[in-house]
There are 2 protein chains.
Amino acid sequence: MDKYEKIIGMAKRRGFLWNSFELYGGTAGFYDYGPLGAMLKRRIEDIWRKMYVIEEGFYEIETPTIGIAAIFDASGHTRGFSDPMVVCSKCDHSFRADHLIEGIVETPDALPASEIKRLIDEHGIKCPQCGGTGTFGDVSSFNLMFKTTIGPGAERVGYLRPETAQGMFVDFEHLFRFYREKLPFGVTQIGKAYRNEISPRQGVIRLREFTQAEAEIFINPTEKNHPKFSMIEDTVLRYYPASHQRVSHPAHEDDGGIIELTTRDAVDRAIVAHEFLAYHLVLTHLFLVRVGIDPARMRFRQHQPDEMAHYAVDCWDAEVLTDRFGWVEIVGIADRTDYDLSSHAEHSKKDLSVLIEYDTPKQVERIAVKPDMGVIGPLYKGNAGKVLAALKGLGEEDLRGDEIKIEIDGEIVPIPRDLVEYETVIEEVRGERVIPHVIEPSFGIDRIIYAALEHSFSEELVAGVTRNVLHLPAEVAPVQVAVLPLLTRDELITPSLAIAETLRENGVFVSYDDSGTIGRRYRRNDEIGTPFSVTIDYDTLGDDTVTIRDRDSMAQIRMPIGELAETLRAMIRHGFSDAATRHNQIF
Amino acid sequence: MDKYEKIIGMAKRRGFLWNSFELYGGTAGFYDYGPLGAMLKRRIEDIWRKMYVIEEGFYEIETPTIGIAAIFDASGHTRGFSDPMVVCSKCDHSFRADHLIEGIVETPDALPASEIKRLIDEHGIKCPQCGGTGTFGDVSSFNLMFKTTIGPGAERVGYLRPETAQGMFVDFEHLFRFYREKLPFGVTQIGKAYRNEISPRQGVIRLREFTQAEAEIFINPTEKNHPKFSMIEDTVLRYYPASHQRVSHPAHEDDGGIIELTTRDAVDRAIVAHEFLAYHLVLTHLFLVRVGIDPARMRFRQHQPDEMAHYAVDCWDAEVLTDRFGWVEIVGIADRTDYDLSSHAEHSKKDLSVLIEYDTPKQVERIAVKPDMGVIGPLYKGNAGKVLAALKGLGEEDLRGDEIKIEIDGEIVPIPRDLVEYETVIEEVRGERVIPHVIEPSFGIDRIIYAALEHSFSEELVAGVTRNVLHLPAEVAPVQVAVLPLLTRDELITPSLAIAETLRENGVFVSYDDSGTIGRRYRRNDEIGTPFSVTIDYDTLGDDTVTIRDRDSMAQIRMPIGELAETLRAMIRHGFSDAATRHNQIF
């Protein structure tokens, strides 16, 4: 049994994750969050909100999960969001074509369809479903968006969004106005996104429906320094730059090319393109560690030039090392330049540029044409207006020759030289119009949850017996405190229930458990990551004190019931030993 | 301009609500929550979580928005979740057929398709789109679920869920185990649900994609009293019982039939079916008032017998009175009996019954058959096992006659009387197996948000000028505190920014605003419902005091900066005057 199996086994048994639709046999690519899983997910999302919405000031918005075709034509998803597919002509099963030649070439996902087809034929690949050989047809391109129809009839095609990002780009004009027409500003969204996988294989790592947390930060293209850079420049991250990677698509290998650098160094040595991106690598790192990712099993891998979207300047993935799947991408942080807004401007025929004001207005020389309207009017009659407009659009070069030529309704019309005078004027320009660039940190919440479970999971031998523990940070643990009477006796149960209720009223999420031996109940709570247990025993009845037990160290301290809520809240924030020491100093 | 128009106008201008996909012309039935709208939505959902997840102890789960066909076959949605539709043969536009005969009959939505068709023809209804007459074909039934395909090929049909409820029913076995196999228990889900309207007309009231918050509470069918009933029995609600309603589907009229009763009276007089349902009417009421619904514009309307699902025992809608749409349903609270679980048990062929243990085991008489295997074995050879099983299944009556008949593989086989003896034995029975009943409060979050906006909206004449105010409860207002320097001068801006930052660190959601006159800024904040404004003026520079202004009363109090965070937090919880009085008593 590998780690994945152990964790998924625990997750199913204890109410973190269940296969969706299991009552009806289930379907690959869908998972339910059970009571503990949903609580863990919510706590992780709330920390993300604290960091991105509250602290960074990127307001959250909420746009539909269904989008209309026009959006995804502009974003490129209707054309480009696809995987190569083959169908077995014998059993009719569909497969990711590149998966069939894994092991034959190093980077099957980088090959064109024809090459994949050639390799399948050349190696006589068998159908993994029915075992037939030579049964695969051509490699086709399968679009990964779930398709539907909005309203009756077939007119209006809708897609389930492949990313939350597009909803924010489409709202750019509204958002710019909301932020009083000033750059930079950021906006966030946490919500469902969809990817209709051909045949998903990696359990919770490869879902057809998943949750993204994305921030789109719209910045002035000429200002990619970050105002708060000095606050994080000393933070050391584990960088895995493109130039250190052995093969062009390094799958999940780490060939010793990870380097540890301060963020300042990473920017100064041009490993990360600019401060703004580097700042968001650090923010990502801080978030991931805070929710339970082991920094030693984490790296920032830079995209190879041929792997990066053609428009991107620089792109990094936060990857985590997992037992079964190797290095897995959980966050992408990219400088997407003006690609998204330009593309939507082009498709919607709206001007999405913004005015960047100069600090002081600039004086700019300009040619001003002064046509002799007293002559032009009578001469060109109905066309006089068009002639005037065309003349005003001419540059200095057009005006220099002996004859001036303009174009009216597709025809070249010569204008006598002496009808047009021009002069050079000085004009004040307040600023220039630019399409903002976009910095995008994009988080895959479900993978982060799995990684937090795996990285916090451990099997520990205690007095010859294996103890399974989730060392989740207290801030994300689904149950924060377990309240346990030492024995299942009424005289202990009654005060235990009262203590549980008081803690709930004080905002601590408590579970009460009185079934089985106290040892068993500690183990049950260790397994789901409950950081603290409060035990009520016979001494409690005499002196109103209880025991707090620490999940990680199994250490215990005794304290009066009256100090319990405050101490536990301090422990959730600062950890057991810190709060215990402080408590002992005070009391 | 009616109220709806005013509120939607404000909502669009200030970043509460935007038409989705507006950049590409928009599509009816979809709205975006802008920064302030999403914040309001989140606060309302968080209060729901506090009341249902934390206080009631109904754990939240999260299941996919895409479901497989088997689920909706069992729930009845593939057959029954539809609206009558006609298509104009001239312009090809589709319409809700019953909408075309509104005004002709009182309850068009209750008519069968043939009757709607007859009325359309008889009254020569014109196509509202192209004006053509006699162009409508037959009335068909349009299923309102968005349909899609999971994976490649057309094999696996998927639907976007029409309600979050089914995901919880399907997980019943897992949930029952999670709750240690004891009733009652509750589970909740907040998430997207979908309804592919034929042609939605009512703006934010009738969305194709919306958010539901639902609780499914699984109870013992014989225990419909509620353990906490005594805590709420004196609460007075506005009931609108079925027997008080004039027409069978009262659309949005209130014919004076609303009665105000304590919950105890409502149950005692059999107006509400039982305590458990009544408890949840009260909880719904408390929630709605807490998020900003005006109790005077709210009622609980009981479903008419012919309006209620055939399986339901009793069903109530919380309705709110709106300016444009009249009475609008925003919550449904139903006793769904065992319908959902029985239906899923039948379709999945799984036993979803649970053992309800008796307080003390019962002694039950049972017939025990004792066949003479020494003879049956050699006599029936290979069939002996089947014969034995069949004999053991016989009742006393089958065993009384001279000859005993059993059925083996569809054939009647006589068994000689003397080969079978039987006796009456006393057995201990621990309990009985039942299918739990379900109580379901189901909240339409988007409509609640709109109702909270409309009910808290007012236009007030102050010194001859209209002041637009959202009197939202402080707990749900998107921005809790505005920090405003009296004038846009550096010496006031610097301390203002510092105060804003300190408040943020203290967990208060603050906006900072320094553009325009102070009066304009107060108005801007009144319009979005910001309950408190903090003003920094020249006295602040001398004595470190600031002014807090109350949105509702426009009263102001002065206080030291050091007491600001605590006072504001108290005001958000208890209101301005309460906290102001307390502050003045302390300091």
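Coordinates for the structure precede this section.
Residues numbered from 1 in each chain as written. Chains lettered and ligands numbered in written order. Predicted model: local features only at pLDDT ≥ 70, side-chain atom pairs only at ≥ 80, totals over all residues. Heavy atoms only, no water.

Undergrad: I would appreciate a short explanation of helix H16 (residues 445-456) of chain B in the present structure.
TA: Two residues of an α-helix separated by three or four positions point the same way, owing to the 3.6 residues in each turn. For H16 of chain B, spanning twelve residues, the distance from its first C-alpha to its last is 16 Å, which sits close to the expected 16 Å at 1.5 Å a residue. Those residues of H16 of chain B not exposed but buried are Ile 445, Asp 446, Arg 447, Ile 448, Ile 449, Tyr 450, Ala 451, Ala 452, Leu 453, Glu 454, His 455 and Ser 456 of chain B. (Helix = DSSP H or I, 4+ residues; strand = E, 2+ residues; numbered from the N terminus. Expected span 1.5 Å × (residues − 1). Buried < 20%, exposed > 50% of the residue type's maximum accessible area, 1.4 Å probe, protein only.)

Undergrad: Just to check I follow, could you spell out the interface of chain A and chain B for this structure?
TA: Many descriptions give the size of an interface as the accessible area lost when the pieces come together. The partner chain B presents 73 residues to the 73 residues of chain A that form the contact. Summed over both partners, the interface of chain A with chain B comes to about 6300 Å²; 61% of that surface belongs to carbon and sulfur atoms. In terms of surface lost to chain B, no three residues of chain A exceed Leu 23, Tyr 24 and Glu 62 of chain A, which account for 14% of the buried area on that side. Run the count over chain A and chain B and you get eight salt bridges. When the shortest N-O distance is used, the salt bridge between Glu 60 of chain A and Arg 42 of chain B registers 3.6 Å. Between chain A and chain B we count 28 residue pairs in polar contact (both at pLDDT 80 or more) in total. Here the element with the most residues in the side of chain A that touches chain B is helix H2 (residues 35-55) of chain A; it accounts for eight residues. Here the side of chain A that touches chain B is composed, by residue class, of 34 nonpolar, 19 polar and 20 charged. (Contact = heavy atoms within 4.5 Å. Buried area = accessible area lost by both parts, 1.4 Å probe. Salt bridge = Lys/Arg side-chain N within 4 Å of Asp/Glu carboxyl O. Polar contact = N/O pair within 3.5 Å; in protein donor to acceptor, adjacent residues only side chain to side chain. Nonpolar A, V, L, I, M, F, W, Y, C, P; charged D, E, K, R; others polar.)

Undergrad: Would you explain the packing of aromatic side chains in this entry?
TA: Each pair of aromatic rings is reported with the distance of its centres and the angle of its planes. Inspection of the entire model under this criterion finds 46 aromatic pairs over all chains. Between the aromatic rings of Phe 172 of chain A and Phe 218 of chain A, the centroid separation amounts to 5.0 Å while the plane-to-plane angle is 55 degrees, which identifies the pairing as tilted. You can see Phe 172 of chain A sitting in helix H8 (residues 172-178) and its partner Phe 218 of chain A sitting in strand S11 (residues 209-219), a full 46 residues away along the chain. Relative to Phe 443 of chain B, the ring of Tyr 52 of chain B has its centre 5.6 Å away and its plane inclined at 70 degrees; by these criteria the two rings are edge-to-face. Residue Tyr 52 of chain B is found in helix H2 (residues 35-55), and its partner Phe 443 of chain B is found in strand S21 (residues 437-444); the two are separated by 391 residues along the sequence. With respect to burial, Tyr 52 of chain B and Phe 443 of chain B carry one shared label: buried. One aromatic cluster is present, built from ring pairs that chain together Tyr 59, Phe 169, Phe 172, Phe 176, Phe 178, Tyr 179, Phe 185 and Phe 218 of chain A together with Phe 509 of chain B. In this structure, Lys 362 of chain A is placed above the aromatic ring of Tyr 358 of chain A, and the distance from its NZ or CZ to the ring centre is 4.1 Å. When the ring centre of Trp 327 of chain B is taken as origin, the NZ or CZ atom of Arg 299 of chain B, which lies over that ring, is 4.1 Å away. (Phe/Tyr/Trp six-rings, centres within 6.5 Å; stacked < 30°, edge-to-face > 60°. Lys NZ or Arg CZ within 6 Å of the ring centre and 35° of its normal.)

Undergrad: Is there a simple way to explain the side chain of Glu 275 of chain A in this structure?
TA: Following the sequence through the fold, Glu 275 of chain A ends up in helix H11 (residues 275-290). One buried charged side chain, Glu 275 of chain A, makes no salt bridge at all; its nearest oppositely charged neighbour is Arg 264 of chain A, positioned 4.0 Å away. (Lys, Arg positive; Asp, Glu negative; His and termini not counted.)

Undergrad: How should the sheet that holds strand S8 (residues 147-149) of chain B be read in this particular structure?
TA: What links the strands of a sheet is backbone hydrogen bonding, and the strands pair in either a parallel or an antiparallel sense. All names here are of chain B. The three strands lie next to each other as S4-S9-S8, forming an open sheet whose pairing is antiparallel. Across the chains shown, the open sheet's two edge strands, defined by having one partner strand only, are strand S4 (66-68) and S8. In this sheet, neighbouring strand axes are inclined to one another by 40 degrees on average, regardless of whether the strands run parallel or antiparallel. Where S8 meets strand S9 (residues 157-160), three bridges bridge the pair, whose relative direction is antiparallel. By the bridge assignment for S9, Thr 148 is matched with Gly 158. (Pairing = 2+ DSSP bridges. Axes fitted to C-alpha atoms, helices over the stretch in contact; angles between N-to-C directions.)

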